[in-house]
Amino acid sequence: MKLKNKIAVITGGASGIGGAGTKMFAAEGATVIVLDINDIAGKTLESELANVVYIHTDISQEASVKDAFDKIANTYGRVDVLYNNASVFLGGRDGILGNIEENVWKKVLSINLDGTYHCTKYALPLMLEHGGAIINTASSAGVVGVPGCAAYTATKGATVTLTRSLAVDYGKYNIRTNCIAPAAIETE
């Protein structure tokens, strides 16, 4: 029960790595707010775990994220943990830079990078008074160049450096910011 009485927000928390995180955080006693677009998986987790709340949220859209964090602020008044996990890898559509269609490039950036920006921007005011933790999911692709996925690699490299920037800017408010960089994991 390491997270008893903590409010944790997990993006992409309905399935895959985020779903595993949701179950783990809930088992440790946190109230877990899942921000995701997968309504079926999100509502299933909410019905199976007493301390999980699902809010349909498109993290690539600032208005959707603002609405979600307004609900969180009105209900809980704070966030103790923000786990920026939601990401997309568009295998077969992402590729070498000269061959990526602009709509693919923009979609990957809007979810993987803009989504982290949106969620962090709205979580920070709910952490400033009491501190907290931000966890960003990058990838081994963000640390080493991976051929054939320029958009994904760019977003994950940016996530690594954004994490460093957040750590130095918000550490003085007792907000720890760390990044995890898993290698390839097969999920839905």
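Residues numbered from 1 in each chain as written. Predicted model: local features only at pLDDT ≥ 70, side-chain atom pairs only at ≥ 80, totals over all residues. Heavy atoms only, no water.

**A few points about the packing of helix α4 (residues 102-123) against helix α5 (residues 150-170)**
Logical step 1: Packing of α4 against α5 leaves a shortest axis separation of 8 Å and a crossing angle of 15°. Judged by the inter-axis angle, α4 sits roughly parallel to α5. Pair α4 / α5 crosses with right-handed handedness. In this structure, α4 contributes W105, V108, L109, N112, L113, T116 and T120 to the contact, and α5 contributes A150, A151, Y152, A154, T155, K156, A158, T159, L162 and L166.
Logical step 2: Here the contact of α4 with α5 is built from residues that sort into 11 nonpolar, five polar and one charged. (Axes fitted to C-alpha atoms, helices over the stretch in contact; angles between N-to-C directions. Helix = DSSP H or I, 4+ residues; strand = E, 2+ residues; numbered from the N terminus. Parallel < 35°, antiparallel > 145°, perpendicular 65-115°, else oblique. Left-handed = near helix turned anticlockwise from the far one by under 90°. Contact = heavy atoms within 4.5 Å. Nonpolar A, V, L, I, M, F, W, Y, C, P; charged D, E, K, R; others polar.)

**Let's talk about the pairing of strand β6 (residues 175-180)**
If a strand is regular, its side chains alternate between the two faces of the sheet.
Logical step 1: Pairing of strand β5 (residues 132-137) with β6 involves six bridges; the strand directions are parallel. Bridged to G132 within β6 is I175.
Logical step 2: Taking the sense of rotation as the criterion, the β-α-β connection linking β5, α5 and β6 turns out right-handed. (Pairing = 2+ DSSP bridges. Right-handed = clockwise from strand over helix to strand, strands pointing away.)

**Considering the pattern of salt bridges**
Logical step 1: Under the counting rule described, the total for this entry stands at four salt bridges.
Logical step 2: Close ionic contact of E102 with K106 constitutes a salt bridge, the shortest N to O distance being 2.9 Å. Highlighted residues: E102 and K106, both in helix α4, separated by four residues, approximately one helical turn. Note on accessibility: E102 and K106 belong to one class, exposed. (Salt bridge = Lys/Arg side-chain N within 4 Å of Asp/Glu carboxyl O. Buried < 20%, exposed > 50% of the residue type's maximum accessible area, 1.4 Å probe, protein only.)

**Examining the packing of aromatic side chains**
Logical step 1: If you walk through the whole model with that rule in mind, you get three aromatic pairs.
Logical step 2: Here F89 and Y152 contribute two aromatic rings whose centre-to-centre distance is 5.3 Å and whose plane-to-plane angle is 80°, an arrangement assigned as edge-to-face. On the criterion of sequence distance, the pair formed by F89 in the loop between β4 (81-84) and α4 and Y152 in helix α5 is long-range, its members being 63 residues apart.
Logical step 3: The class for F89 is partly exposed, based on a relative accessible area of 48%.
Logical step 4: The exposure class assigned to Y152 is buried, which follows from its relative accessible area of 15%. (Phe/Tyr/Trp six-rings, centres within 6.5 Å; stacked < 30°, edge-to-face > 60°.)

**As for α5**
Logical step 1: With 21 residues, α5 ought to run about 30 Å at 1.5 Å a step, and its terminal C-alpha atoms sit 30 Å apart, in line with that.
Logical step 2: Regarding α5, the residues found buried are A151, Y152, T153, T155, K156, T159, V160, T163 and L166.
Logical step 3: Contacts from the buried residues of α5 go to α4, β5 and β6. (Expected span 1.5 Å × (residues − 1).)

**Notes on the layout of surface pockets**
Logical step 1: Quantified by volume, the largest pocket comes out at close to 1,100 Å³.
Logical step 2: Looking at the largest pocket, it is lined by 34 residues, and the ones nearest its centre are A86, S87, V88, F89 and T187.
Logical step 3: Contributing elements (two or more residues each) for the lining of the largest pocket: α1 (16-27), β2 (31-36), α4 and α5.
Logical step 4: Class assignment of the residues belonging to the lining of the largest pocket gives a composition of 17 nonpolar, 12 polar and five charged. (1 Å grid on protein atoms, 1.4 Å probe; cavity = no way out; pocket = protein on both sides within 12 Å on 5 of 7 lines; lining within 4 Å. Points joined across faces, edges and corners; volume = space filled by probe spheres on them.)

Any functional reading would require information that these geometric values do not contain.
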